[in-house]
Amino acid sequence: MMSEANMKRPRIWLQVAMFFAVMNQLQADRMHAISLSPGDGAILLLGTQGELEAVTRDYFLGGDGKKDQRTKDDPYRFESMPFGFYLGDHTAVGYREQAARMGLDIWDWHGRLLGILKSGGANTIIVQGGGYLEKEGEFPAKTFAEFAAARGFKVIIQPNDAYFGGSLYSSWKAGMEKAGSNPSDTGLDAFFRRYLKPRLEQHLAAYGENAQVFAWSPVEELGPDQEKFFTPYKKLLHDLTPGQLHYQYDNNLETLKTKEPPYPDIFGFGGYCWWHGVWGDNYCLWTPHYSARWLYGRIQPYPERVHKLFKGQAICVLQGPAWFTLIGPEDGAKHGWKPESSYVCPTAPGVRWYEKLKLYGVYNMHLPPANAERLSCWLAVCAGFKGTLIWAGVCNRPEDLTRLLEDENSKAGDNIMMGIIHTDLTTTSQWEELAGAWKQMRKLERLILALEPSSTPYAASDDPNMFVNSFQDREGRRFIVVVNGLIGQWDKDSPDWLNYPRTKLSIGMDGNLIHYRPLREARSCALKLSEDGQVFDMRTVSPKKYPAARR
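What counts and how
Residues numbered from 1 in each chain as written. Predicted model: local features only at pLDDT ≥ 70, side-chain atom pairs only at ≥ 80, totals over all residues. Heavy atoms only, no water. Helix = DSSP H or I, 4+ residues; strand = E, 2+ residues; numbered from the N terminus. Buried < 20%, exposed > 50% of the residue type's maximum accessible area, 1.4 Å probe, protein only. Contact = heavy atoms within 4.5 Å. Phe/Tyr/Trp six-rings, centres within 6.5 Å; stacked < 30°, edge-to-face > 60°. Pairing = 2+ DSSP bridges. Axes fitted to C-alpha atoms, helices over the stretch in contact; angles between N-to-C directions. Salt bridge = Lys/Arg side-chain N within 4 Å of Asp/Glu carboxyl O. Core = buried A, V, L, I, M, F, W, Y, C linked by side-chain atoms within 4.5 Å.

S.K.: Break down the side chain of lysine 234 for me, with residues and values.
M.R.: Mapped onto the fold, lysine 234 is located in helix α9 (residues 227-240). Given a relative accessible area of 0%, lysine 234 falls into the buried group. Residues in contact with lysine 234, not counting those within four places in the same chain, are Pro218, Val219, Glu227, His246, Gln248 and Pro262.

S.K.: A description of the packing of aromatic side chains should follow, citing residues and the corresponding values.
M.R.: Inspection of every chain in the model, using the stated rule, returns 28 aromatic pairs. Aromatic side chains tryptophan 107 and phenylalanine 147 sit 5.0 Å apart centroid to centroid with 55 degrees between the ring planes, which places their arrangement in the tilted category. With tryptophan 107 in helix α4 (residues 106-119) and phenylalanine 147 in helix α5 (residues 141-149), the pair connects residues that are 40 residues apart, well separated along the chain. Overall, the relative accessible area of 23% leaves tryptophan 107 in the partly exposed class. Aromatic side chains tyrosine 283 and tryptophan 337 sit 5.3 Å apart centroid to centroid with 80 degrees between the ring planes, which places their arrangement in the edge-to-face category. Taken together, the residues tyrosine 283 in strand β10 (residues 282-285) and tryptophan 337 in the loop between α12 (329-334) and β13 (352-354) connect sequence positions 54 residues apart.

S.K.: I'd like a description of the sheet that holds strand β12 (residues 322-327), backed by residues and values.
M.R.: If you walk across this open sheet you meet the four strands as β13-β14-β12-β17, and the pairing is antiparallel. Pairing within the sheet leaves two strands with one partner each, and these edge strands are β13 and β17 (415-418). Across the sheet, the mean angle from the axis of one strand to that of its neighbour is 25 degrees, orientation sign disregarded. Of the strand pairs in this sheet, β12 and strand β14 (residues 359-365) are connected by five bridges, and their pairing is antiparallel. Residue pairing in the sheet places tryptophan 323 in a bridge with methionine 365 of β14.

S.K.: Quick one: what's the story with the sheet that holds strand β4 (residues 124-128), residue by residue and with numbers?
M.R.: In space, the eight strands of this closed barrel follow the order β3-β4-β5-β6-β7-β8-β11-β15, with parallel pairing throughout. In this structure, β4 lies alongside strand β5 (residues 154-157), joined through four bridges in parallel fashion. The partner of threonine 124 across the bridge, within β5, is lysine 154. Along the sheet, helix α10 (residues 288-299) makes contact with β7 (245-249), β8 (266-271) and β11 (314-319), crossing β8 at roughly 150 degrees.

S.K.: Go over the side chain of serine 410, please, and point to the residues and values.
M.R.: Topologically, serine 410 is positioned in the loop between α14 (398-406) and β17. Of the residues examined, serine 410 reaches a relative accessible area of 8% and is grouped as buried.

S.K.: Would you mind going over the pattern of salt bridges in detail, with residue names and values included?
M.R.: Following the criterion strictly, the structure yields 24 salt bridges and no others. A salt bridge links arginine 193 to aspartate 189; the nearest nitrogen and oxygen atoms lie 3.6 Å apart. Here arginine 193 and its partner aspartate 189 are both found in helix α8 (residues 188-203), four residues apart, which amounts to about one turn of the helix. Arginine 193 gets classed as partly exposed once you look at its relative accessible area, which sits at 45%. A salt bridge links arginine 477 to aspartate 473; its shortest N-O distance comes to 2.8 Å. Sharing partners across several salt bridges, the network here consists of Glu227, Lys234, Asp250 and Lys259.

S.K.: How would you sum up unusual backbone geometry? Please name residues and give values.
M.R.: Negative phi characterises most residues that are not glycine, and trans characterises most peptide bonds. Cis geometry is adopted by the peptide bond preceding proline 262, which originates at proline 261 and carries an omega value of 5 degrees. Checked against the element boundaries, proline 262 lands in the loop between β7 and β8. The amide bond that connects tyrosine 500 to the next residue, proline 501, takes the cis arrangement and shows omega of 10 degrees. Following the sequence through the fold, proline 501 ends up in the loop between β23 (488-489) and β24 (506-507). Even without glycine at this site, asparagine 371 takes up a positive phi of about 85 degrees. Here asparagine 371 is to be found in the loop between β14 and α13 (372-383). Positive phi, close to 55 degrees, is recorded for alanine 392, a residue that is not glycine.

S.K.: Please provide a residue-by-residue account of the nonpolar core, values included.
M.R.: Counting 138 residues, the largest nonpolar core has Ile43, Phe85, Leu117, Tyr247 and Met538 as the members making the most contacts within it. It is α13 that contributes the most residues to this core, nine residues altogether. Formed by 14 residues, the second largest nonpolar core is a distinct cluster that contains Leu36, Ala42, Val482 and Cys525.

Spelled out as structure tokens, the structure:
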């Protein structure tokens, strides 16, 4: 018969075995803690002291003084990170009206705007829909390109005839069919020969090789099946402007697989996440942490695929405005909304019924909450992007929304965008935070530009609000980007979805979240390392400690 001591022995051995198993696992998954403020990020070197000294010399000192060059055998590489704004035809009328209200010439107004942008670290402008705005009374893109370039900006011009998936083709085809054209004369090839090609040849001659245009954006948001049809258009644009680059914004990852030469010199991708969206049968306000996770999940694959397929680089396009829209009672009824002034939608408390207009009003997009501008920029770096552009960031003022709601002629579908910089050139806390993020990243610019996707993950985290990605430079040195996505609090649990009145997070009339409390304190973020090496935080690099080697 087994003694009591012998009966306990197997249990003790099991405990010992479990202890060593846990210890082995801890050694295999080395842990590293880093303190990060809400929305903030850091770049870590996983390596040796010698590698730290080399990284310091390469990316935090003057280096060898060579500029990155675009050659046949090497993809275009940025000399500096593009930071900037889309400006363009969707708000150009508002720009002129506001300039007149301020007693300014339109050029004086733009000069002041560019001064604000430059002081905040911007260096790039996209003229949206402005390739052929050379008509009398309209804003001339060519003149603006020269105007902005003289003030230190790189200018990208987007022609307005094949924009947004070639949407102009549909109206051109309908017009041709109405005029009695044969079906063979209304295809995409005919659209190129009879419409796009003559316009390019006529208008681009005014720009020439020496015009102050950094790049052209021939088409945006093409579907995978549309790329081949617009290849001749892009090729002709390249042939007519041989000294300039080609930027293309995609909204579909699959489009990358169907691109044909000439490939873009600069790839663009992004996402707008500070908004309402339909979830099942409900119209829901996305909470900040859910929004951030969605944004990173959307953008993260793009830079890696661009690098793999084209050895190219990408910039991230982020949301600029709050966007208020009037909605008819029939559409509101689809979501169960009640046409009552006191009604509050449980999942979207910002929906309001305007009795005078007999319409609902809601911010489809709200302004990014505190810590979100910095977080968005760091998520772009974590995904592998080399810069950020803000879409529609210079827009209307709160007074303009008041005017819309007081106008008895306002109807369903009318909308207004509220900027992070208003058309009267007043700025917001969002702009100040964005400028701060750009300034922060400029200090790490040369390193960020050198990072390339790693096929091996060097670190991971179990925290859903912590973002981690792995990179290497051309010398094979290993880097980790880590971002703290925990940025705010709105009730005890801060859930992903809202249920009013338990959760009161909502959107105020100025487009900002209300009942949102931004977090201020840094938190300790735990990284699980999968490879050996010392961890060096690039925020603490001291170039003075490692002077450049003599050459």
